[in-house]
Amino acid sequence: MTAWAVFTDLGFISLLLLAGSFLRAKVKPLQLLFLPSSLIAGLLGLALGPMGLGLIPFSDNLGTYASILIAIVFAALPFTSTVTSLRSVAKRVGNMWSLSQTITILEWGVGLVFALSILNWIFGPLPDGFGLMLAAGFVGGHGTAAAVASGFGDQWPEALSIGMTSATVGIVAAIVGGIIIIKLETRRGNTDFISSFADLPRELRTGIVPVEKRASLGNSPVSSMSIDPVIYHAGVLMAVGAGAYLISEWANALLPTVTLPVFSVAFILGYLVLFVMKLFKAEQHFEKKLFERTSGSATDLLVAFGVASIDPSVVISNAVPLALLLAFGITALLAAYKLLAPGFFRTHRVEQSIFTWGWSTGTVAMGIALLRIVDPDLKSRTLDYYGIAYVPIGFVDIIIVALAPGLILAGYAWPFALTAIGIGLLILIVARLLGWWAPSTRKEDALAQI
């Protein structure tokens, strides 16, 4: 892959972003769905790229860009948010961690039990790891699905296509289901940052801001005679992201069986850089709004590249048992959104819950795409909390991905599944005792969440 291939990929996706913005401004159904231009661009890239009509010659590494861009998004979080109460942040991170960790672990365990019992009873003996591919595709996306499949090796070669199908369906469920949920929530007035779809200002529907309502992107702290303020701020975030990648690679070289997520390292490294800035009183030489704009640009590219890189051919690889497994997973996660999440999120419930729906069915990128619809300026600080919460979650994911295939091949599918479910339930108990989870005692409160 050459530098020109990267440049042309960026050029094509930028053109599609412009096309997505135009279609959003002109096509009413897209406005009714409230689809962001980045998502429209990704769908256009999927339809017109190598996986579709083949009219746009994207490179073979199209799926790599999202993992790079998400590092920039998380690198920006420390520079775009203000922690006013460490106690409050710790509590809300506890809420986010306990719910996210519970959902993650239960997806692995419950999916496996469903396949080992119900699907095996209907279709006869399936591979013991069949149910594992629910969480492999939904929680981790195509990358985790590939990692889990590689753990089965030659003993279950079909695992790769099943995992990729799961990941693809998960992304579709994340977006389509998320849009439906958001429309219902806005109709009921449950969202904090957007009102009813019918009452939204025209510029929020079309994406085009009238001249009289346009706002400044920020005040430049540097002279353009010295350096352009955009690259001045973007340079910090790209340096943090690159540093996070190098640290992750170094850690992976020391521990080859461990994969340290780059975006999680970028978040921590960003806080370290910010700490040094504050130590030397250098933060006054930067503008928060320009960091936000850099992060927003990276997010738009991330969503567009992520959707455009989907391989639709894997959807037709498997049939009825996989469809039932995925339908079961979607139903269970919808129940978690309705009945579980409201007890964890006491503020910005819809915003934090819809992000959780997005990453637990699709990927973190899909969660961000949905969050940007209900929280365009990221005022709920959902990503702040998730960035911190993911540090321990990431290590648990690493352990599961590394050990699960081997345990299942060794005949420990049932013990693994029941242990995962037991740990998930234990986290719920601990969260209840610590006050992180306060389930509603009124039936109507739970049912009103969707």
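Residues numbered from 1 in each chain as written. Predicted model: local features only at pLDDT ≥ 70, side-chain atom pairs only at ≥ 80, totals over all residues. Heavy atoms only, no water.

1. Points about the nonpolar core
1) Next: Residues Phe-74, Phe-130, Leu-132 and Val-364 are the most contacted members of the largest nonpolar core, which totals 111 residues.
2) Next: Ranked by the residues each element gives to this core, the list is headed by helix H5 (residues 86-123), at 11 residues.
3) Next: Not counting the four nearest positions on each side in its chain, Phe-74 is found in contact with Phe-263, Ala-266, Phe-267, Val-364, Ile-368, Leu-383, Tyr-386 and Gly-387.
4) Next: Core analysis: the second largest hydrophobic core is formed by seven residues, Ala-71, Ala-75, Val-240 and Leu-269 among them. (Core = buried A, V, L, I, M, F, W, Y, C linked by side-chain atoms within 4.5 Å. Buried < 20%, exposed > 50% of the residue type's maximum accessible area, 1.4 Å probe, protein only. Helix = DSSP H or I, 4+ residues; strand = E, 2+ residues; numbered from the N terminus. Contact = heavy atoms within 4.5 Å.)

2. As for unusual backbone geometry
1) Next: Backbone geometry at His-348 places phi at a positive 50°, although glycine is not the residue there.
2) Next: By the secondary structure assignment, His-348 is in the loop between helix H13 (320-344) and helix H14 (349-361).
3) Next: Here Arg-381, not a glycine, exhibits a phi torsion of approximately 60°, which is positive.
4) Next: Tracing the backbone through its elements, the reader meets Arg-381 in the loop between helix H15 (364-374) and helix H16 (382-409).
5) Next: With relative accessibility at 18%, the residue Arg-381 sits in the buried group.

3. Some remarks on the environment of Gly-94
1) Next: With respect to the helices and strands, Gly-94 occurs in helix H5.
2) Next: Put simply, Gly-94 and Trp-437 are 343 residues apart on the chain and 9.2 Å apart in space, counted from C-alpha to C-alpha.

4. Structural notes on the packing of aromatic side chains
1) Next: Counted according to the given criterion, the structure contains 13 aromatic pairs.
2) Next: Ring centres 5.7 Å apart and planes at 5° place the aromatic pair Phe-344 and Trp-437 in the stacked group. On the criterion of sequence distance, the pair formed by Phe-344 in helix H13 and Trp-437 in the loop between helix H17 (413-433) and helix H18 (443-447) is long-range, its members being 93 residues apart. Across this residue pair, the class does not change: Phe-344 and Trp-437 are buried. (Phe/Tyr/Trp six-rings, centres within 6.5 Å; stacked < 30°, edge-to-face > 60°.)

5. A few points about helix H11 (residues 262-279)
1) Next: Its 18 residues place the ends of H11 25 Å apart at the C-alpha level, agreeing with the 26 Å of an ideal helix rising 1.5 Å per residue.
2) Next: Residues of H11 that are buried make contact with helix H4 (65-80), helix H10 (229-254), H15 and H16. (Expected span 1.5 Å × (residues − 1).)

6. Brief notes about the confidence of the model for the protein
1) Next: For the protein, the mean per-residue pLDDT works out to 81, and 88% of the residues sit at or above 70.
2) Next: No element of the protein has a lower mean pLDDT than H18, which averages 41, and none a higher one than H17, which averages 92.
3) Next: Within the model, pLDDT remains below 50 along residues 441-450, and this stretch shows 18 contacts once partners closer than five positions in the same chain are excluded. (pLDDT = per-residue confidence, 0-100.)

7. Remarks on the side chain of Ser-166
1) Next: Along the chain, Ser-166 falls in helix H8 (residues 159-187).
2) Next: Overall, Ser-166 belongs to the buried group, its relative accessible area being 0%.
3) Next: For Ser-166, the residues in contact, after removing those within four places along its chain, are Met-133, Leu-134, Gly-137, Phe-138 and Leu-326.

8. Things to note about the side chain of Glu-287
1) Next: Of note, Glu-287 is situated in the loop between H11 and helix H12 (288-308).
2) Next: It turns out Glu-287 is buried and unbridged, and the closest side chain with the opposite charge, Lys-289, is 5.6 Å from it.
3) Next: Once you skip the residues sitting within four places of it in the chain, Glu-287 turns out to touch Gly-218, Asn-219, Pro-221 and His-233. (Lys, Arg positive; Asp, Glu negative; His and termini not counted. Salt bridge = Lys/Arg side-chain N within 4 Å of Asp/Glu carboxyl O.)

9. Regarding H13
1) Next: A rise of 1.5 Å per residue sets the reference length of H13, with its 25 residues, at 36 Å; its end C-alpha atoms lie 35 Å apart and thus fit the reference within 8%.
2) Next: The sharpest bend along H13 measures roughly 40° and falls at Tyr-337. (Bend = angle between axes of the 7 residues up to and from the residue.)

10. Overview of the packing of H10 against H11
1) Next: One way to put it is that H10 packs onto H11 with a least axis distance of 8 Å and a crossing angle of 125°. By the criterion of interaxial angle, the relationship of H10 to H11 is oblique. Note on packing geometry: the crossing formed by H10 with H11 is right-handed. Counting all contacts with H10, which are made through Val-236, Val-240, Gly-241, Gly-243, Ala-244, Tyr-245, Ile-247 and Ser-248, the residues of H11 involved are Val-262, Val-265, Ala-266, Leu-269, Gly-270, Val-273 and Met-277.
2) Next: Taken together, the residues of the contact of H10 with H11 sort by class into 11 nonpolar, four polar and no charged. (Axes fitted to C-alpha atoms, helices over the stretch in contact; angles between N-to-C directions. Parallel < 35°, antiparallel > 145°, perpendicular 65-115°, else oblique. Left-handed = near helix turned anticlockwise from the far one by under 90°. Nonpolar A, V, L, I, M, F, W, Y, C, P; charged D, E, K, R; others polar.)

11. Some details on the packing of H12 against H15
1) Next: Closest axis-to-axis distance for the H12/H15 pair is 10 Å, and the angle between their directions is 125°. If you check the angle between H12 and H15, you find them oblique. As for the relative orientation of H12 and H15, their crossing is left-handed in sense. Along the contact surface, H12 presents Gly-296, Thr-299, Asp-300, Leu-302, Val-303 and Val-307, while H15 presents Ala-365, Met-366, Ile-368, Ala-369 and Arg-372.
2) Next: Classifying every residue of the contact of H12 with H15 by side-chain character gives seven nonpolar, two polar and two charged.

12. Quick look at a nonpolar patch on the surface
1) Next: On the surface, a nonpolar cluster with roughly 600 Å² of combined accessible area is contributed by Ile-118, Trp-121, Ile-122, Phe-123, Val-320 and Leu-324.
2) Next: Of all the secondary structure elements, the ones that give two or more residues to the nonpolar patch are H5 and H13.
3) Next: For the nonpolar patch, the element with the highest residue contribution is H5, accounting for four residues.
4) Next: Within the secondary structure layout, Ile-118 lies in helix H5. (Patch = residues over 30% accessible without salt bridge, like charges linked within 9 Å, V, L, I, M, F, W, Y side chains within 5 Å. Areas by Shrake-Rupley, 256 points an atom, 1.4 Å probe, with all protein chains shown as cover.)

13. Examining the environment of Ile-181
1) Next: By secondary structure assignment, the location of Ile-181 is in helix H8.
2) Next: Look at Ile-181 and you get buried, because its relative accessible area is 3%.
3) Next: Through-space distance from the C-alpha of Ile-181 to that of Trp-357 is 9.7 Å; in sequence the pair is 176 residues apart.

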